[in-house]
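# What the coordinates show
Each chain, letter by letter, is given below.
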Amino acid sequence: VQQRWRGFGPVLSSCVGVDEDDAPDIDIYHCPNCEKTHGKSTLKKKKNWSKHDTGQSSDIRAVQNGSQVFIKELRSRTFPSADDIVVKLSGSQLTMDYLEENGFNEPILVQKKDGLGMSMPAPTFYISDVENYVGPDVSVDVVDVTKQTDSQMKLKEFVDYYYSTNRKKVLNVINLEFSDTRMSTIVESPQIVRHLSWVENYWPDDALLGKPKVTRYCLICVKDSYTDFHIECGGASVWYHVLKGEKIFFLIKPTSANLSLYERWRSSSSHSEMFFADQVDKCYKCTLKQGQTLFVPSGWINAVLTPVDCLAFSGHFVHNLSVEMQMRAYEIEKRLKVKTLTPFPNFETACWYVGRHLLERFK
């Protein structure tokens, strides 16, 4: 029954008075008429309530990654500064010549967007404008950060939640791909991304399969939003630009040892109760402030905390400079059978198109 409810968020809300993301917590549902004789609906008993609670329970066996207890502890911890591994460049310095000479193996931070060949709306652009440009009735995937579960709602519903004065939950939108909306006319990825991207350069316009839409995402994250450690699908590299607010990245190098540890951690049934950074020798903390742009290379294991309400844009891209790491990350992804909100569709097809291009070039 719970599974049948998925995708009927508006119906649940208007007809039976249950939000879709609340449905999994219900054990026995009583409709308003039945409540008169049978009482209110009953919720499932939580064996470990502290996982989703504020820490007031006496049961402290495990803390769910993303819960309020977890966020509070994460904020109080210290990490090695990302200054040791992040390369700082100006927009005009980030060129193909630079990357071909120096490689793209470490994160790159650009303080100002000047010179990146990137289009962004004015800083006055905000969440209500996203709704106007994308459309209020568009369905978006929403992550309940405390539970690390996802559900769907209309963008208008999420915007209403965002502007509400009493947010009862921490909800996070991280995969609103807007290439086919009006917002694509005012947001464009950095020029270096378009120059590198396999999809942009090698995917035929007349292909039977549709071109993967992974290049432009809108991220709407409220304070204390958290995305747990992950490798981008297909081993893709990713760019982030913070238009408003701030994001904190926790970055782990994709060494052979760290990738093996990641795979073992991710395959554990209790990985959502284990902080992966505790299992590696170094996890770097990188704060991305308003107006800054971060480029994360292929394979880097990262988690993201949003310390204040934030509106950001991002995109995924696979390219020639990280072929080996992309393939390795993709193999890990296949073994783990990871399901993600931001997949890289038709990744293998993209590889074949690149192979065909290289064959023609070598000929």
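Looking up the protein chain in an unreviewed UniProt entry gives the name Lsd1/2 complex PHD finger containing protein Phf2, with the organism given as Ilyodon furcidens. You can read under Subcellular location (unreviewed entry) in the UniProt record for the protein chain the words "Nucleus".

## Considering empty space enclosed by the protein
Considering all chains together, one arrives at one cavity of 30 Å³ or more under this definition. Looking at the largest cavity, its volume works out to about 40 Å³. Residue lining of the largest cavity: Leu94, Leu99, Phe104, Ile108, Ile192, Leu196, Phe295 and Phe317, and that is the complete set. Class assignment for the residues of the lining of the largest cavity results in eight nonpolar, no polar and no charged.

## Description of the layout of surface pockets
The calculated volume of the largest pocket comes to roughly 1100 Å³. Along the walls of the largest pocket sit 42 residues, with Thr227, Arg266, Lys339, Thr340 and Leu341 positioned nearest its centre. If you tally residues by element for the lining of the largest pocket, the top one is strand β9 (residues 225–230), at five residues. For the lining of the largest pocket, a count of residues per class yields 18 nonpolar, 14 polar and ten charged.

## Notes on helix α7 (residues 155–163)
Within α7, the full set of buried residues consists of Leu155, Phe158, Val159, Tyr161 and Tyr162. Down the axis of α7, the smallest arc covering the buried residues is 160°, so these residues share one side. Where the residues of α7 are buried, they touch α6 (127–134), β5 (139–144), β6 (149–154), β7 (171–177), β8 (217–221) and β15 (310–317).

## With respect to the sheet that holds strand β13 (residues 293–296)
Spatially, β3-β4-β13-β10-β15-β8-β7-β5-β6 is the arrangement adopted by the nine strands of the open sheet, whose pairing is mixed. Two strands in the sheet have a free side with no partner beyond their single neighbour: β3 (87–89) and β6. Strand after strand, the sheet turns through a mean of 25° between neighbouring axes, direction not considered. Taken together, the seven bridges between strand β10 (residues 237–244) and β15 define a ladder with antiparallel strand orientation. Residue His241 lies in a different strand from β15, and its bridge partner there is Phe313. α7 rests against β5, β6, β7, β8 and β15 of the sheet, and its axis sits at about 105° to β6.

## Here's the deal with unusual backbone geometry
Glycine aside, a negative phi is what most residues show, and trans is what most peptide bonds show. At Gln148, a position not held by glycine, the phi torsion is positive, near 55°. Inspection of the secondary structure puts Gln148 in the loop between β5 and β6. With a phi angle near 55°, Asn346 is a residue other than glycine that sits in the positive phi range. Among the secondary structure elements, Asn346 is positioned in the loop between α11 (323–336) and α12 (347–362). Residue class for Asn346 comes out partly exposed when judged on its relative accessible area of 28%.

About the criteria used
- Residues numbered from 1 in each chain as written.
- Predicted model: local features only at pLDDT ≥ 70, side-chain atom pairs only at ≥ 80, totals over all residues.
- Heavy atoms only, no water.
- UniProt positions renumbered as here; feature names shortened; annotations may be inferred.
- 1 Å grid on protein atoms, 1.4 Å probe; cavity = no way out; pocket = protein on both sides within 12 Å on 5 of 7 lines; lining within 4 Å.
- Points joined across faces, edges and corners; volume = space filled by probe spheres on them.
- Nonpolar A, V, L, I, M, F, W, Y, C, P; charged D, E, K, R; others polar.
- Helix = DSSP H or I, 4+ residues; strand = E, 2+ residues; numbered from the N terminus.
- Buried < 20%, exposed > 50% of the residue type's maximum accessible area, 1.4 Å probe, protein only.
- Arc of directions from axis to C-beta.
- Contact = heavy atoms within 4.5 Å.
- Pairing = 2+ DSSP bridges.
- Axes fitted to C-alpha atoms, helices over the stretch in contact; angles between N-to-C directions.

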